[in-house]
Amino acid sequence: MPITATEGGRAWFIETPASLYAIALDSNGLPAQRHWGSRLPHRDWAELLKGDTPRWISDSSRPAEVEQEILADGGLRWGVPGLQVIFHGANQSLELIFGGAQIHESGSESTLVLTLKDSLFPFWAHLHYRIQADSDVIERWVEIESGGDAEDDVVLLRADSANWFVDDTDDYWYSSTHGQWAAETQLKRGPLPIGDLTFTSRTGTTSHQANPWIMIHSGSATETSGLVRTMALGWSGSWHLTAQHRPEGGVSVSTGFGHEGVHLVLKSGERHVTPPSYGLATDGGFGETSRKWHAFVLHHLRPSRHEVRPVLYNSWEATGFEVSETNQMRLAEKAAQIGAEVFVLDDGWFGSRTNSARGLGDWYPNPARFPNGLHALTEHVRGLGMGFGLWVEPEMANPDSDLYREHPDWVLNFEGRSRLEARNQLVLNFARDDVKRWALDWLDDLVSTYRLDFLKWDMNRPFSQAGWPDEPCRQGSLWLSHTRAVYDIMRTLRARHPSLRIESCTGGGGRVDLGMMEVVDQFWTSDNTDALDRQTIQHGFSQLYPVSAMCNWVTDSPNPTTKRAVPLEYRFHVAMAGALSIGADLGAWTDEELDRAAAFVQDYKEIRDVIQLGALHRLDGTPGVTLSAVQYLYGEAVVILSYEPRRSLHRGARRTTLHGLEPNAGYLNHTTGRTHSGGYLMERGLVLHDALNTDPSNGTLRFSNQDYLSALTTLTRVDQLEN
Ligand code: DGJ
């Protein structure tokens, strides 16, 4: 049994294929973590339970509280609160006692529920733990229940999904990603300072600025070694994650929906279920950590699971708001010529939307641009052998739209206050049932009418002035209800249209998280399509999320946003490192460029199952700066994409060592025709840019300042080599 109760029901052990998570009631009688790391033999389990971690305790600190499974705010505690409640409008001390445990097994899934009860009021917190037989990821959430008389409303000021404890060492580092628009998911690693380190979003979305996960490890952890503990939140609205590094030792990470100022009213008999928080402990460094996350997401979260993403063409960078039936048809022809499989018409096709200031909310084809609706275009696209997709931004309205003129009360607002616009638009209140119904109806109709294969769901501004004058009591929870409504609509659309695939976009990668991953197939990674910048963005993205969910476009050179010129081959090789797609103005490409593009797309199609479904190994180098490479391993096939953005004249061609191969198997290199043992490739490695760096006749370095070298190298495992 993967979940075992011991000590007469006072301790629980959660065993995953390679990790062990132990919980026991502490000296306060509350569940506390006793181990989270590698699996240990049963004979050692009792040792793990021997009392609270020995530490100095004074009258001003109770460090043991960081070990508890939920950080209830009440009694003698001064740390970061994870669950804060006001009873009867006044009593703000939550004093929980243990109330029982249940273990469920169902197929390959096992669940533990620990119930805590307030000592005075009819109020329960059920702590849930769920594991899958094939994964080391532990999913946790809390179900909060309020009983008693009808007048006994409780107010939740904080309702985190879990507290994760990382036990005492003297060297804690963290990894996380941060960023901004056009520079999302920048990886940051550094020492974890003593104090509270909080990552948060107050935007109503996941945000460009931070992403809801953290890894805690020692300073010596590397891509291939070291114990790494990750905590991630599955939530696409505002959120917070606080790593509390106590001066007395120990780190706890409490994470949940919402930022400061949460105000959720729970009426008697109501339940609040928090979003899931996921935890993973691995001892194989950052690379193994990422691979385990990727496998978990593809097996258990993404709706289309292991389905390979098609090559999309998106016309946004080509035509912007200047959309017409003719220019889209011409682009579709070029897109089909180079091998695109789905044509996506971006912004500018509906209502009076000829620029960002008008029409948002009026979801019918622009009558001047598409007098007969979109049928002529969709038929043309299908006739070219491609699927058809549309851009939508359902959660928004321009004040200059019929929708807003008719329903000015549908947007977030406070009575008598200004309605501040960003990108000329306001946020619709999806917590309202009528708004949610309206959105589902027109989306359903759109998908049915045009038999859409794909929706790019965008969201281009954060919440502000998030009021709901008609429903002041529900105002505090509208942040929560809005995000849940988005999930519900996406789920319903998928259920009604099983072949529909959805991309989450929020002005680029502003809503990338494990919650969204349960309802969409892929993310628009960033509005920055400059291949060099993209390498760092993709590097950060891949730490947690699988590359098959990372949509990458090849666009024009110089790049329309950054003005950097990058050769076609490099642009393709960078975009191939995930779900390759095209976003260029193909009408301006030469025949030669189109032919080369078609060849790259064809190459990609032959190896995309390896890239999208294989195990990712990030090889040496700093992506976008030095020679770097990513390797994918899938069955017998190995694919390596390597990049050398800037040539160094005083260094010869460098070798890149491969990872994860079988030392005694042979691997045929399809570029050179030579076979090497896995051991050789992992120890000595390959010179991946050999042909460009050195003179093949004498092996000396060619005198050339050619930057932006890149290569696609494929190998196949062929046989076991003899010694
Ligand atoms: C922001 C997205 O990130 C872009 O790709 C594009 O769809 C624009 N919105 C359209 O307004």
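Located above this text is the structure these notes cover.
Because the structure is predicted, anything quoted here is derived from the model rather than measured.

Enquirer: Provide a residue-level description of the overall build of the chain, including the pertinent values.
Expert: Each helix and strand in the chain was counted, giving 13 helices and 39 strands. Relative to the compact-globule value of 27 Å for 723 residues, the chain shows a C-alpha radius of gyration of 27 Å, a close match. Along the first, second and third principal axes, the C-alpha atoms of the chain reach 80 × 75 × 45 Å. Taken across its 723 residues, the chain has 58% of its residues classed as buried. Nonlocal contacts in the chain, meaning residues at least 24 apart in sequence, comprise 68% of its contacts between residues at least 6 apart. Per element, the accessible surface of the chain, about 27100 Å² overall, is 50% carbon and sulfur. Here the chain carries 64 positive and 92 negative side-chain charges, and the mean point of each set is 2 Å from the other.

Enquirer: Mind laying out the pairing of strand S27 (residues 454-457), listing which residues take part and the relevant values?
Expert: The alternating pattern of S27 places Phe 454 and Lys 456 and Leu 455 and Trp 457 on opposite faces, both of which are buried. As paired elements, S27 and strand S28 (residues 501-504) share four bridges and run parallel to each other. Of the residues in S28, the one forming a bridge with Lys 456 is Glu 503. In this fold, S27 hands off to helix H8 (residues 478-496), which returns the chain to S28; that crossover is right-handed.

Enquirer: Provide a residue-level description of the packing of helix H4 (residues 325-338) against helix H11 (residues 591-613), including the pertinent values.
Expert: Put simply, H4 and H11 touch, their axes get as near as 8 Å, and they point 55 degrees apart. Accordingly, the angle class assigned to the pair H4 and H11 is oblique. Taking contact as the criterion, the partners of Lys 334, Gln 337 and Ile 338 in H4 are, on H11, Leu 594, Ala 597, Ala 598 and Val 601. A class-by-class count of the residues in the contact of H4 with H11 yields five nonpolar, one polar and one charged.

Enquirer: Kindly report on the site of the ligand, identifying the contributing residues and their values.
Expert: The environment of the ligand is formed by 13 residues, the closest being Asp 346, Asp 347, Lys 456, Asp 458 and Asp 527. Between Asp 458 and the ligand, the recorded distance is 2.7 Å, taken from a side-chain N or O atom to a nitrogen atom. Asp 527 is positioned with one of its side-chain polar atoms (N or O) 2.4 Å from an oxygen atom of the ligand. Notes on the ligand: free accessible area 290 Å², of which the protein chains cover 98%. Within the shell around the ligand, the residues separate by chemical class into four nonpolar, three polar and six charged.

Enquirer: Give a detailed account of the packing of aromatic side chains, specifying residues and quantitative values.
Expert: For the structure shown, the criterion picks out 32 aromatic pairs. Here Tyr 174 and Phe 199 contribute two aromatic rings whose centre-to-centre distance is 6.0 Å and whose plane-to-plane angle is 45 degrees, an arrangement assigned as tilted. Taken together, the residues span a long stretch of sequence, with Tyr 174 in strand S12 (residues 173-180) and Phe 199 in strand S14 (residues 195-201) at a distance of 25 residues. Like Phe 199, Tyr 174 is buried.

Enquirer: How would you explain the pattern of salt bridges if you had to name every residue and give the values?
Expert: A full pass over the atoms with the stated rule returns 38 salt bridges. Between Lys 456 and Asp 346 there is a salt bridge; the shortest N-O distance is 2.8 Å. Taken as a pair, Lys 456 in strand S27 and Asp 346 in the loop between strand S23 (342-345) and helix H5 (375-383) lie far apart in primary sequence, 110 residues in all. Exposure remark for Asp 346: the relative accessible area of 3% places this residue in the buried category. Between Asp 488 and Lys 436 there is a salt bridge whose closest N-O contact spans 2.8 Å. A residue pair is termed long-range when its members are at least 10 positions apart, and Asp 488 in helix H8 and Lys 436 in helix H7 (residues 433-449) qualify at 52 residues. When its relative accessible area of 32% is taken as the criterion, Asp 488 is described as partly exposed.

Enquirer: With reference to specific residues and values, describe the side chain of Gln 538.
Expert: Counting through the fold element by element, Gln 538 comes out in helix H9 (residues 531-541). Gln 538 gets classed as buried once you look at its relative accessible area, which sits at 7%. Among the polar contacts listed, one links the side chain of Gln 538 to the side chain of Asn 552, at a separation of 3.3 Å. Here Gln 538 is in contact with Met 550, Asn 552, Val 574 and Ala 577, once residues within four sequence places are set aside.

Enquirer: Explain the sheet that holds S14 residue by residue, including any values.
Expert: In spatial order, the strands read S11-S18-S17-S14; together these four strands make up an open sheet with antiparallel pairing. Of all strands in the sheet, those with a lone pairing partner are strand S11 (162-166) and S14, marking the two edges. In this sheet, adjacent strand axes meet at a mean angle of 15 degrees when their direction is disregarded. As paired strands, S11 and strand S18 (residues 251-257) are joined by five bridges and run antiparallel to one another. Paired with Phe 165 across the strands is Ser 252, a residue of S18.

Enquirer: Now, about the side chain of Gln 522: what can you tell me, with residues and values included?
Expert: Inspection of the secondary structure assignment puts Gln 522 in strand S29 (residues 522-524). Since its relative accessible area comes to 1%, Gln 522 is described here as buried. Not counting chain neighbours up to four residues away, the residues in contact with Gln 522 comprise Arg 309, Leu 312, Phe 454, Ile 502, Glu 503, Ser 504, Ser 548, Ala 549 and Cys 551.

Procedures and definitions
- Residues numbered from 1 in each chain as written.
- Predicted model: local features only at pLDDT ≥ 70, side-chain atom pairs only at ≥ 80, totals over all residues.
- Heavy atoms only, no water.
- Helix = DSSP H or I, 4+ residues; strand = E, 2+ residues; numbered from the N terminus.
- Rg over C-alpha atoms; globule rule 2.2 N^0.38 Å.
- Buried < 20%, exposed > 50% of the residue type's maximum accessible area, 1.4 Å probe, protein only.
- Contact = heavy atoms within 4.5 Å.
- Areas by Shrake-Rupley, 256 points an atom, 1.4 Å probe, with all protein chains shown as cover.
- Lys, Arg positive; Asp, Glu negative; His and termini not counted.
- Charge placed at Lys NZ, Arg CZ, Asp CG, Glu CD.
- Pairing = 2+ DSSP bridges.
- Right-handed = clockwise from strand over helix to strand, strands pointing away.
- Axes fitted to C-alpha atoms, helices over the stretch in contact; angles between N-to-C directions.
- Parallel < 35°, antiparallel > 145°, perpendicular 65-115°, else oblique.
- Nonpolar A, V, L, I, M, F, W, Y, C, P; charged D, E, K, R; others polar.
- Near = heavy atom within 4 Å.
- Polar contact = N/O pair within 3.5 Å; in protein donor to acceptor, adjacent residues only side chain to side chain.
- Phe/Tyr/Trp six-rings, centres within 6.5 Å; stacked < 30°, edge-to-face > 60°.
- Salt bridge = Lys/Arg side-chain N within 4 Å of Asp/Glu carboxyl O.

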